[in-house]
Amino acid sequence: MTGRQNEQSALGPHARWHTSWSNWARTERSRPELEIVPRDVAQIELAVQRARETGRTVKPIGASHSFTGIGATDGIRIDMSRLRGLVSADPARGRVTLWGGTHLWELPAILGPLGLALPNMGDIDRQTITGATQTGTHGTGVRLGGLATGVVGATIVTGAGETLVIDEDHHAELLPAVALGLGALGVLVTVTLQCVPRYLLRAEEAPMPLDEVLDGFVERTRQVDHFEFFWFPHTRGARTKTNTRLPFDADRAPLSRAARFADEELANNVAFGACTAIGGVLPAAIPRINRLIESLSSRRVYSDESHRVYVTHRRVRFHEMEFGLPLEAVPDAVRELRAMIERRGYLVSFPVEVRAAAADGLLLSTAHGRETGYVAVHRYWKDRDRGYFRDAEAILAAHGGRPHWGKMHTQTADSLRERYAAFDEFVAVRDRLDPDRLFTNSYLERVLGR
């Protein structure tokens, strides 16, 4: 057998040479020399060993839903799709251990029978649990942290060739780094989550004047369980969403199947997709389209199990940049965004989304040490103009913004070190767990250094 055949045989029958990869948003591409689809921890350990022996880099990949190249590699790509589902559960403590390739959309079927749910979620559930936690994915609610704050344990294969169990009793000092590690510290094989009892959400969606929303943003965010709003540029109104947590045995008033289809499929995907496509061909029509969308916004109230309220299904591709700011800075930052769009004459078909999260102690969390407001800007995926993102980034960064690790930005290790008090502490953990930089790539070199 040739050396390549020996290597493929050792790594398993699903090893493939010279594959290609792109992320969901089509912003990043790479061509891994070798891809494996492991079925157990031993095959991951072997892949990392091979990378060490051959001088390759190695990266795990999940749903490829990050907008950056955080998961790209030209070395060994580890496809986690066969390591999914429940490993073990401790319902009395509200904890579950999951294989790292488990998708967020799979969690209700896993957690529901155990009487459990995630404390919070974002509005997209296509990611894997490791991809979501490693990049700092979050929902909204100033008393609730991002998904990674629920990580109370993990099993990780490090670049130093070790398989470590990390929890309160084992290597606990590593958990604030490993829980949100950017994929720079190793391959997370399993993740243990702290969950909560199942609950309902009462959602109230309503249009409001943008200036009124901004004037009361900080106060309203602190008064309710979950608050967020969307503002379409070139309009004066915002679409607000307020979610209130209810006991699981409270009365429900869910959206009908027809109403959910009309909202999620017809409005969010078919109609909005058509509008953005028209705007891509006829940019001058975008302000009128946005004002039409605003005029159709109406109030509605419903209640259902938490994951059915948090998540919407989006099929229109887009590019996204998001920064976490000190909570009090959000109103001024959004006003500056509005003024910049008007001054520069940008024609923007996608909304600006604004959310919030609690302060936490994870070393590289965008909410590290401060209550955080998140401002996200989007563009249609076929729009190649980066001027809007460049100017928006300048505004958000000037307000002390920290970029979402899985979304587009141009920050570097030098600028990020100034924004994160624990940046060098994280780098020290990286030096310990991946001293030879097996898990690096161009993105990580830019944001963490070599």
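Residues numbered from 1 in each chain as written. Predicted model: local features only at pLDDT ≥ 70, side-chain atom pairs only at ≥ 80, totals over all residues. Heavy atoms only, no water.

> Please explain the sheet that holds strand β12 (residues 186-194) as it appears in this structure.
Within a beta sheet, neighbouring strands are joined by backbone hydrogen bonds and run either parallel or antiparallel to one another. One open sheet accounts for five strands, arranged β7-β8-β12-β10-β11; its pairing is antiparallel. Across the chains shown, the open sheet's two edge strands, defined by having one partner strand only, are β7 (86-90) and β11 (163-166). Strand-to-strand twist of the sheet, defined as the mean angle between neighbouring strand axes without regard to direction, takes the value 15°. Running over the sheet, helix α2 (residues 41-54) touches β8 (95-99), β10 (151-158), β11 and β12 and is turned about 50° from β10. (Pairing = 2+ DSSP bridges. Helix = DSSP H or I, 4+ residues; strand = E, 2+ residues; numbered from the N terminus. Axes fitted to C-alpha atoms, helices over the stretch in contact; angles between N-to-C directions. Contact = heavy atoms within 4.5 Å.)

> Got a minute to help me understand helix α9 (residues 286-295) in this structure?
Note on helix geometry: an α-helix contains 3.6 residues per turn, so any two residues three or four positions apart are oriented the same way. Taken as a whole, α9 has its buried residues at I286, P287, I289 and N290. Looking down the long axis of α9, one finds its buried residues gathered within 160° of arc, a one-sided arrangement. Away from its buried face by more than 90 degrees, α9 exposes R288 and S295. (Buried < 20%, exposed > 50% of the residue type's maximum accessible area, 1.4 Å probe, protein only. Arc of directions from axis to C-beta.)

> Any chance you could explain the nonpolar core here in plain terms?
Soluble globular proteins: nonpolar side chains tend toward being buried together. Formed by 58 residues in total, the largest nonpolar core has its most connected members in V178, L182, L193, W405 and L448. When residues of this core are assigned to their parent elements, the largest contribution, five residues, is made by helix α14 (residues 423-433). The residues contacting W405, other than those within four sequence positions of it, are T68, I70, T135, L180, L182, L364, L416, Y420, Y443 and V447. Counting 47 residues, the second-largest nonpolar core is a separate cluster that includes A25, M321, F389 and A397. (Core = buried A, V, L, I, M, F, W, Y, C linked by side-chain atoms within 4.5 Å.)

> Just checking my understanding: could you explain the pairing of strand β19 (residues 352-357) for this structure?
Moving residue by residue along a regular strand, the side chains alternate between the two faces of the sheet. For β19, the tally of buried residues reaches six of six residues, placing the bulk of the element in the interior. In the sheet, strand β15 (residues 226-231) pairs with β19 via three bridges, with the strands oriented antiparallel. When the sheet's bridge partners are listed, F230 is paired in β19 with E353. Taken together, the five bridges between β19 and strand β20 (residues 372-380) define a ladder with antiparallel strand orientation. Its bridge partner being in β20, V354 is matched across the sheet by V375.

> For this particular structure, what's the right way to read the side chain of R430?
Among the structural elements, R430 can be located in helix α14. Despite being buried, R430 has no salt bridge partner; D434 is the closest side chain of opposite charge, sitting 5.1 Å away. A polar atom in the side chain of R430 sits 3.3 Å from the side chain of T440. Ignoring anything within four residues of it in the chain, the contact list for R430 reads A184, L185, P435, R437, T440, L444, L448, G449 and R450. (Lys, Arg positive; Asp, Glu negative; His and termini not counted. Salt bridge = Lys/Arg side-chain N within 4 Å of Asp/Glu carboxyl O. Polar contact = N/O pair within 3.5 Å; in protein donor to acceptor, adjacent residues only side chain to side chain.)

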